[in-house]
Amino acid sequence: MAKSSSLNVRVVEGRALPAKDVSGSSDPYCIVKVDDEVVARTATVWRSLSPFWGEEYTIHLPLDFHHLAFYVLDEDTVGHDDIIGKISLSKDTIAADPRGIDSWINLSRVDPDAEVQGEICLDVQMLEDARGRCLRCHVLQARDLAPRDITGTSDPFARVFWGSQSLETSTIKKTRFPHWDEVLELREMPGSPAPLRVELWDWDMVGKNDFLGMVEFPPQVLQQNTPRGWFRLLPFPRAEEDSGGTLGAVRLKVRLTEDRILPSRHYQPLTELLMESVLGPAEVGTPVLLGSGWWPPLLQGSLRGSFVVGSQDPGPPLLPPVLAQEDTASPLAVLEELTSGDCRQDLATKLVKLFLGQGLAGPFLDYLTRREVTRTTDPNTLFRSNSLASKAMEQFMKLVGMPYLHEVLKPVINRVFEEKKYMELDPCKMDLGRTRRISFKGAPSEEHVRDASLGLLTGYLGPIVDAIVGSVGRCPPAMRLVFKQLRQCVEERFPQAEHEDVKYLAVSGFLFLRFFAPAVLTPKLFDLRDQHADPQTSRSLLLLAKAVQSIGNLGQQLGQGKELWMAPLHPFLLQSISRVRHFLDQLVDVNGEEEAGGPARALVAPSVIVREGYLLKRKEEPTSLATRFAFKKRYFWLSGETLSYSKSPEWQMRSSIPVSHICAVERVDEGAFQLPHVMQVMTRGAAGGLHTTYLQCKNVNELNQWLSALRKASAPNPDKLAACHPGAFRSSRWTCCLQAERSAAGCSRTHSAVTLGDWSDPLDPDAEIQMVYRQLLLGRDQLRMKFQEDPSTDSSPEADAEKDSGATEGACPDALARQREAAGRLLEVLADLDRAHEEFQQREQQKAAPGPLGH
């Protein structure tokens, strides 16, 4: 049984932050740490005391993580960044509510004595002799200690307390991974039993020593089971001081998903129930190929005319009709009723991945959109709500179409960021003084600024529209087929001539309004840029996004509303609309036989490049070169098969590292080369020897993204390393632990389980269906109350009628009966999964043996 743990973190916004700059403002950003390892950094929001970040991360973690911390800092061009405050959340706090945390939290001051990290290895024995009892504390080593000195290291020593006695180890200079191997003996003094406390300190020649952390063991532990092993260092116990909001607050959304994934056979009944919603009960797992693709067998009996599977179809493709009545009784329909808000978005993501893994994403989305179309009477409101259908289509486009989005938009988005042109059409927002400052021709008129801005906007919009309408062949076939199904469904539901545009709007509403326009507005959230835009560029992107949105609406709202100042752009938009219509016609002109159903497959083929870009690579065993000159710029490509590199993207000669040889990918301490953002890729050769490649990234986000991508690519590899050296072997010793042997065992744990979730994550059907099971657990009581009769209540006909009307308002008796049947089957499946989890948990507890409190 596999175990998984993931954190979904959204750093939304801040408010009332203190001003750290002389201008009376700040340039805030947020760092996210898990157990003192930086896993993410938001972009800097310039000149703001109420920044909006809106950045979301999915962090895959080991099950034994302890706490999550958020640090808000003010970025400074010169000198060190200023710390504004922090928020610390323990694992227990996050896990207390299965729905997670969604609230404003005040920032607290950063106490240096509370900023501890790392672990210590101890072996404690209680001995007795003629003189009485003696405590023998063998202090072996410590790892990953906090760097307290300006050099990025510490000078640690240990101090052991037992009762009124204390002893100290020697001091190990310039290391965060000290090896003491010293035995300290303390005699028991008269009085009540005393706890054992071991403190670590950083020795300073000038001033007081700096606290590095402590562990403490109560007397009963010393008497019953003396400590032996690795133990996590803790700060001195003290109540956390609330700043009372004087440091500002941050709105966070944090949810912990911690699961034990059962063997696949246990999820089969729930998977079949969900598949049955799409395929029908008789054909679960066996979709039938028709002329237009793969369609649910439950719809085949309603097709126009007759069709025999395997026969030649002389006519046009046959299509399933729009459902005459909304399906409210399937397990999927019941599941949608139990979710809302963020939970519905998470559910949509998991369901899309689940059906992708089964090769049934097309039929799944077709089923959801047909349900939505069936219950829609006004075409102007079609797909405007955050229904499961809308959310599922959004997530499907992100999962399948992200490389396509990058190919279409990235060149123009990069131009906007690099050129930093001033553009403004709204007279209320025009800064004529700013334009004067960059021109020596005097203050321009409002008309001049508008004309110049119009030329710049069309200069960017033209290439955007050209790239979109010319991208038919690059759009993933799976997306094209889903759009084809959507258009056909809408066309059948609204066949009237006055609704001619609805079939176009249904597709463009997703592709333009929910995919292209949001990516133009916030490129960082779609991985198009590493940083948020500055205020000026952000305004330019907003204008471009509004224009793309108007094109997606086919110009239906031009000249309406409050933004009449967009009128100068209308001629260009109207000219683009006919091209977009033609593009949408071409987009859905696709043969679906190969892509609609087909076998299950990975989102990303092993040969597909999942990450690429320039990195600095350390030369092999440089001898005389200075450290920073030993790193050379190279262009890297990562796929599921190789990590390859060359001098430039156009260079024909490439070197490569097989991904199957990678046994660890870890950070490197800054002190190893006096360089930040360095990582190491450790590989094992055919002879079994280890080789390390050092790579430097340009910032912490790029470092985290490469670490995550390499760890996920090498996740299936056997014989992964459990420990490594976070330093380098230089001057005949390791810079981290000071060991003199190159072959010395690693001094720090590896972190192969820590990765960032993104669109390229491999499909894991068992993990996806486990999340659906968890979602159903949250709504189990509601499921019982809403869809099932309570035998303890009045069973009179009047009570039944009242209960029926309250359970599903407006539902006919037959539909209500089917809903109750579906709910009953879901509850049975949940009960079976509950029992399976309990059985596996009992087995784990029986196998577990008592060990050290740490690791």
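Residues numbered from 1 in each chain as written. Predicted model: local features only at pLDDT ≥ 70, side-chain atom pairs only at ≥ 80, totals over all residues. Heavy atoms only, no water.

What follows deals with the overall build of the protein chain. In terms of helices and strands, the protein chain carries 20 helices and 30 strands. Out of the 855 residues in the protein chain, the part that is buried amounts to 50%. Taking the intrachain contacts of the protein chain between residues at least 6 apart in sequence as the baseline, contacts between residues at least 24 apart amount to 68%. Split by element, the accessible area of the protein chain, about 40200 Å² in all, is 50% carbon and sulfur. (Helix = DSSP H or I, 4+ residues; strand = E, 2+ residues; numbered from the N terminus. Buried < 20%, exposed > 50% of the residue type's maximum accessible area, 1.4 Å probe, protein only. Contact = heavy atoms within 4.5 Å. Areas by Shrake-Rupley, 256 points an atom, 1.4 Å probe, with all protein chains shown as cover.)

On to the packing of helix 17 (residues 765-778) against helix 20 (residues 813-847), then. Geometry of a packed helix pair, given as the angle between the helix axes and the separation of the axes. Relative to each other, helix 17 and helix 20 sit at 110°, their axes nearing to 11 Å. Here helix 17 is positioned roughly perpendicular relative to helix 20, judged by the angle of their axes. For the pair helix 17 and helix 20, the crossing hand works out as left-handed. For the pair formed by helix 17 and helix 20, the contact residues are Gln770, Tyr773, Arg774, Leu776 and Leu777 on the first element and Leu826, Leu830, Leu833, Asp834 and His837 on the second. (Axes fitted to C-alpha atoms, helices over the stretch in contact; angles between N-to-C directions. Parallel < 35°, antiparallel > 145°, perpendicular 65-115°, else oblique. Left-handed = near helix turned anticlockwise from the far one by under 90°.)

This part is about the sheet that holds strand 11 (residues 165-168). Taken together, four strands build an open sheet; the order of strands is 11-10-13-14 and the sheet is antiparallel. Of all strands in the sheet, those with a lone pairing partner are strand 11 and strand 14 (210-217), marking the two edges. Strand-to-strand twist across the sheet, computed as the mean angle between neighbouring axes with direction ignored, equals 20°. Examined bridge by bridge, strand 10 (residues 156-162) and strand 13 (residues 196-202) share seven bridges and lie antiparallel to one another. Looking across to strand 13, one finds that Trp162 is bridged to Leu196. (Pairing = 2+ DSSP bridges.)

Take helix 13 (residues 535-552) next. The end-to-end C-alpha distance of helix 13, which contains 18 residues, comes to 25 Å, matching closely the 26 Å that a straight helix rising 1.5 Å per residue would cover. Extensive coverage of helix 13 is indicated by the burial of 13 of its 18 residues. The positive-phi residue at the C-terminal boundary of helix 13 is Leu554, with phi of around 55°. (Expected span 1.5 Å × (residues − 1).)

It is worth spelling out the packing of aromatic side chains at this point. Considering all chains together, one arrives at 14 aromatic pairs under this definition. Ring geometry for Phe211 and Phe236: centres 4.1 Å apart, planes at 15°, overall stacked. Here the residue Phe211 occupies a position in strand 14, and Phe236 occupies one in the loop between strand 15 (228-232) and strand 16 (249-261), the gap between them amounting to 25 residues. On the basis of relative accessible area, Phe211 is assigned to the buried category, the value being 1%. (Phe/Tyr/Trp six-rings, centres within 6.5 Å; stacked < 30°, edge-to-face > 60°.)

Moving on, we come to the nonpolar core. Ranked by internal contacts, the top residues of the largest apolar core, which has 119 residues, are Leu351, Phe512 and Phe516. Top contributing element to this core by residue count: helix 8 (residues 388-419), with 17 residues. Non-local contacts of Phe516, meaning those with residues more than four positions away in its chain, are made with Tyr404, Leu405, Val408, Leu409, Ile468, Leu511 and Val548. Ala40, Val45, Ile59 and Val754 belong to the second-largest nonpolar core, a separate cluster that totals 32 residues. (Core = buried A, V, L, I, M, F, W, Y, C linked by side-chain atoms within 4.5 Å.)

Another point: the side chain of Gln770. By the secondary structure assignment, Gln770 is in helix 17. What makes Gln770 buried here is its relative accessible area of 0%. Excluding its chain neighbours within four sequence positions, the residues that come into contact with Gln770 are Asp259, Arg260, Ile261, Tyr267 and His837.

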